[in-house]
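# Tertiary structure, described
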Amino acid sequence: MRLTAHSDYALRILLQAAIEPDRLLSIAQVAQEQAISRNHAMKVVNQLANAGFLTTLRGRHGGFRLGRPAADITIGQVIRLTEPSLNPADCANCILAPSCGLTPALDEAVRAFLEVLDNRSLADIARTTTWPLAHPED
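A brief report on the enclosed structure follows.

Reading the values: the criteria
- Residues numbered from 1 in each chain as written.
- Predicted model: local features only at pLDDT ≥ 70, side-chain atom pairs only at ≥ 80, totals over all residues.
- Heavy atoms only, no water.
- 1 Å grid on protein atoms, 1.4 Å probe; cavity = no way out; pocket = protein on both sides within 12 Å on 5 of 7 lines; lining within 4 Å.
- Points joined across faces, edges and corners; volume = space filled by probe spheres on them.
- Helix = DSSP H or I, 4+ residues; strand = E, 2+ residues; numbered from the N terminus.
- Nonpolar A, V, L, I, M, F, W, Y, C, P; charged D, E, K, R; others polar.
- Buried < 20%, exposed > 50% of the residue type's maximum accessible area, 1.4 Å probe, protein only.
- Arc of directions from axis to C-beta.
- Contact = heavy atoms within 4.5 Å.

### Quick word on the layout of surface pockets
Taken as a whole, the largest pocket encloses approximately 400 Å³ of empty space. Forming the walls of the largest pocket are 16 residues, and the residues nearest its centre are Ile27, Met42, Thr56, Leu57 and Gly63. Mapped onto the lining of the largest pocket, the elements with two or more residues apiece are helix H2 (27-34), helix H3 (38-50), strand S1 (54-57) and strand S2 (63-66). When residues of the lining of the largest pocket are assigned to their parent elements, the largest contribution, 5 residues, is made by H3. Here the residues of the lining of the largest pocket are counted per class, giving 8 nonpolar, 6 polar and 2 charged.

### Topic: H2
Burial in H2 covers these residues: Val30, Ala31 and Gln34. The arc that holds the buried residues of H2, viewed along the axis, is 100°, so those residues lie on one side. Tucked into the core, H2 has its buried residues touching helix H1 (5-19), H3 and S2. Looking one or two places after H2, you find Ala35, whose phi comes out positive at around 55°.

This is the structure:
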């Protein structure tokens, strides 16, 4: 299964927020540091904030940070939010769909994939990640 760039960006943004919990992050900074277009970063942050993963502060000195503890956010939750479809194949439009033996196997594979991600919190991933970006004192 291949995740979309949108999911990749969402995970990276959340990971940076988890690694730097005392820093109020800005979309411009994160976009530049992670080589994400500012427009796309804004969409991702907005979606994550609407889901409660991030909190945002408006204004000149605004930004965003985690909306709840990293230990309470599972990678599976993020993937379910950001992926438009978790179907590995277009079984709905296949002429074999009513009697295909592959569909149950694919469904089982997706369930196993999500089960692994549901057992990994953002805090777990942050603990084993070295953030490569150095920040000058704000």
